[in-house]
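# Analysis of the macromolecular model
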Amino acid sequence: MSEVDWLDVSAQRLSDTITRFVASGGAPGAIAIVGTQDDARVVSAGVVATGLAEVPPTTATRYDVASLTKIVTTWTLAGRAVRDGELNLDKPVSSYLGSLTGPGSAITIRQILSHTTGLRSTTRFDEYLGTGTDLAELIIGEDLEAQPGERLKYINRGFILLGLVLERIHGEGLDALARDRFWRPWGMDSTTYGPLPAGNDVAPTEQRLVGTRPAWGVVHDESAALMGGVAGHAGVFSTVDDLARFARATVEWAKADAYAQESFKVHATDGPIRRGLAWVLVPEKDVAYHHGFTGTSLYLSPSTGRFMVVLSNAVFVSRDRQRLIGLRTEARRIMTA
């Protein structure tokens, strides 16, 4: 199948998929892009937010991408730091934080990126309010759920720690680091950490208390909010166009960069789940992907340059995952066909 035929077929399948997803009540709306290094197709359905932003989502609509932050911020910045000799994948994270001691002090950067740290999987930073203790010290001082490297379990805490490490290495916040080192050079001018002014070009996320305004232009993730909205695991807002630029730039980066190439190799498995560094992998199909809790996904094929981005604010409707799982399963089928 030619690249043009693949684009046309995939775009039609994706359009049908997100139309069904929105019609079933999975989200008020969704927008997606499927592309190659040379061309792309955009499809959409529904509105930005029922009763608040009754306009169709466009390529300029910014969504809270949630855990895609792990990819577009922390994974990329870690790679640059590795290249520049500022970060070693196999050194303990504590060695970059003033040699902190505690159960998590031996966790390495590689284990963070492959989600094999054994850190606590529940992220409740509200329990640390008023302690007066540094957040990195608190995380490293927590009891582990498993020995580092022992098992794969998706955990936010590791990427939070890595974000803190990157900030301390460079003496700048993640927002400025990512903007100056990757987003602007890659043409991602609409990608940013919040807060953003509420409006038709920003998708609201969850209405947590009935009768109140939803989170709109402010980070949805509770722990990232407690960290001021800028964190290594969540907090970024972006558009399908910008994430398409990110996908294309990542494919080019992976052609020559050892860290990027290592990221697309399997480092840990848990049943059918296989993880590289940050990414989830389907190695036999040469596809890597990642999701965000709010209803966002990014898929790419490092060797072919094909990619897909799906953005929705599914949490505006519900935290129930069933319809979203169906959408993501079909999107993965399209990418691996």
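The following refers to the structure shown. Quantities reported herein were computed from a predicted structural model and do not represent experimental measurements.

Scoring rules and cut-offs
Within each chain, residues carry numbers counting from 1 in the order of the written sequence. For this predicted model, a pLDDT threshold of at least 70 governs which residues receive local features, and a threshold of 80 or more governs which side-chain atom pairs are given and counted, while totals over whole chains, interfaces and linings are taken from all residues. Side-chain numbers here rest on the full set of heavy atoms in the structure, without hydrogens or water. Here a strand is any run of E in DSSP of at least two residues, a helix any run of H or I of at least four, and the numbering for each starts at the N terminus. Two residues form a contact once any of their heavy atoms are found within 4.5 Å. Here the accessible surface of atoms and residues is derived via Shrake-Rupley with a 1.4 Å probe, and residues count as covered only by protein chains that are part of the display. By the counting rule applied here, Lys and Arg register as positive and Asp and Glu as negative, while His and the ends of each chain are not counted. All charge positions are set by atom: Lys at NZ, Arg at CZ, Asp at CG, Glu at CD. Each residue is assigned to one of three classes by its accessible area relative to the maximum for its type, calculated with a 1.4 Å probe on protein chains only: buried under 20%, partly exposed between the two thresholds, exposed over 50%. Should DSSP find at least two bridges between two strands, the strands are taken to pair. Think of a nonpolar core as a cluster: buried Ala, Val, Leu, Ile, Met, Phe, Trp, Tyr and Cys residues, connected wherever their side-chain atoms sit within 4.5 Å. In this analysis an axis means a line fitted to C-alpha atoms, helices contributing only their contacting stretch, and an angle means the value between N-to-C directions, from 0 to 180 degrees. An angle counts as roughly parallel when it lies under 35 degrees, as roughly antiparallel when it exceeds 145, as roughly perpendicular when it falls between 65 and 115, and as oblique in every other case. In what follows, salt bridge is the name for a side-chain nitrogen of Lys or Arg lying within 4 Å of a carboxyl oxygen of Asp or Glu. Any Phe, Tyr or Trp ring, taking Trp's six-membered ring, that has another such ring centre within 6.5 Å forms a pair; planes under 30 degrees apart are called stacked, those over 60 apart edge-to-face, and the others tilted. Any Lys NZ or Arg CZ that is within 6 Å of a ring centre and within 35 degrees of that ring's normal is treated as a charge sitting over the ring.

What follows deals with the overall build of the protein chain. If you tally the helices and strands in the protein chain, you get ten helices and eleven strands. For the C-alpha atoms alone, the extent of the protein chain along its principal axes is close to 55 × 50 × 40 Å. Contacts in the protein chain between residues at least 24 apart in sequence constitute 66% of all its contacts with a sequence separation of at least 6. Accessible area of the protein chain: about 13,100 Å², with a carbon and sulfur share of 49%. Mean positive and mean negative side-chain charge positions of the protein chain (34 and 38 charges, respectively) differ by 3 Å.

Of all seven residues in strand β1 (residues 29–35), seven are buried, a share of seventy percent or more. The side-chain alternation of β1 yields two buried faces, one formed by Gly29, Ile31, Ile33 and Gly35 and the other by Ala30, Ala32 and Val34. For β1 and strand β2 (residues 40–46), the ladder comprises seven bridges, and the chain directions are antiparallel. Within β2, the residue paired with Ala32 across the bridge is Val43. Bridge analysis of β1 against strand β11 (residues 307–312) gives six bridges, and the strand direction is antiparallel. In the strand pairing of β11, Ile33 is matched with Val309.

Taken across its five residues, strand β10 (residues 296–300) has five buried, putting it largely inside the fold. The two faces of β10 match: Thr296, Leu298 and Leu300 on one face and Ser297 and Tyr299 on the other face are all buried. Pairing between strand β9 (residues 287–292) and β10: five bridges, direction antiparallel. Within the sheet, the bridge partner assigned to His291 lies in β10 and is Ser297. Counting the residues in the hairpin turn of β9 and β10 gives three residues, including Gly295, whose phi is positive at 125 degrees. One ladder, built from five bridges, connects β10 with β11; its direction is antiparallel.

We now examine the nonpolar core. A general feature of soluble globular proteins is that nonpolar side chains tend to end up buried together. Counting 74 residues, the largest nonpolar core has Trp75, Leu87, Val93, Leu161 and Trp279 as the members making the most contacts within it. Once residues lying within four places of it in the same chain are set aside, the contact partners of Val93 are Gly104, Ile107, Thr108, Ile109, Ile112, Ile140, Leu161 and Val165. By size, the runner-up hydrophobic cluster in this structure holds 26 residues, among which are Met308, Val310, Ala331 and Ile334.

Here we come to the packing of helix α1 (residues 3–23) against helix α10 (residues 322–336). At a minimum axis separation of 10 Å, α1 and α10 run at an interaxial angle of 175 degrees. One element, α1, and the other, α10, form an angle in the roughly antiparallel class. Here α1 contributes Trp6, Ser10, Arg13, Leu14, Thr17, Ile18 and Phe21 to the contact with α10, which in turn contributes Arg323, Leu324, Leu327, Glu330, Arg333, Ile334 and Met335.

Turning next to the sheet that holds strand β4 (residues 192–193). Spatial ordering of the open sheet is given by β3-β5-β4, a layout of three strands whose pairing is antiparallel. The two strands at the open ends of the sheet, each matched to only one other strand, are β3 (63–64) and β4. Summarising the sheet, β4 and strand β5 (residues 236–238) pair through two bridges and their orientation is antiparallel. When the sheet's bridge partners are listed, Thr192 is paired in β5 with Phe237.

A separate point is the pattern of salt bridges. Evaluated as defined, the whole model comprises 23 salt bridges. Taking the shortest distance from any N to any O, the salt bridge between Glu262 and Arg110 comes out at 3.6 Å. Taken together, the residues span a long stretch of sequence, with Glu262 in helix α9 (residues 258–263) and Arg110 in helix α3 (residues 109–113) at a distance of 152 residues. According to the relative accessible area criterion, Arg110 is partly exposed, its value standing at 22%. Close ionic contact of Glu252 with Lys255 constitutes a salt bridge, the shortest N to O distance being 2.9 Å. The exposed category is assigned to Lys255, whose relative accessible area is 57%. When salt bridges that share partners are traced, they join Asp90, Arg110, Glu262 and Lys265 into one network.

Now for the packing of aromatic side chains. Within this structure, the stated rule accounts for 13 aromatic pairs. A centroid spacing of 6.0 Å and a plane angle of 40 degrees characterise the contact between Trp183 and Tyr193, whose relative ring orientation is tilted. Pair noted here: Trp183 is in helix α6 (residues 174–183) and Tyr193 is in strand β4, with a separation of ten residues, a long-range link. With a centroid separation of 6.1 Å and 40 degrees between ring planes, the pair formed by Trp253 and Tyr259 is classed as tilted. Grouping residues by exposure puts Trp253 and Tyr259 together as buried. An aromatic cluster is built from Trp75, Phe182, Trp186, Phe246, Trp253, Tyr259, Phe264 and Trp279, whose rings are joined through pairwise contacts. One cation-aromatic arrangement involves Arg80 over Phe182; the distance from NZ or CZ to the ring centre is 4.6 Å. Directly above the ring of Tyr96 sits Lys91, whose terminal nitrogen or CZ lies 5.0 Å from the centroid.

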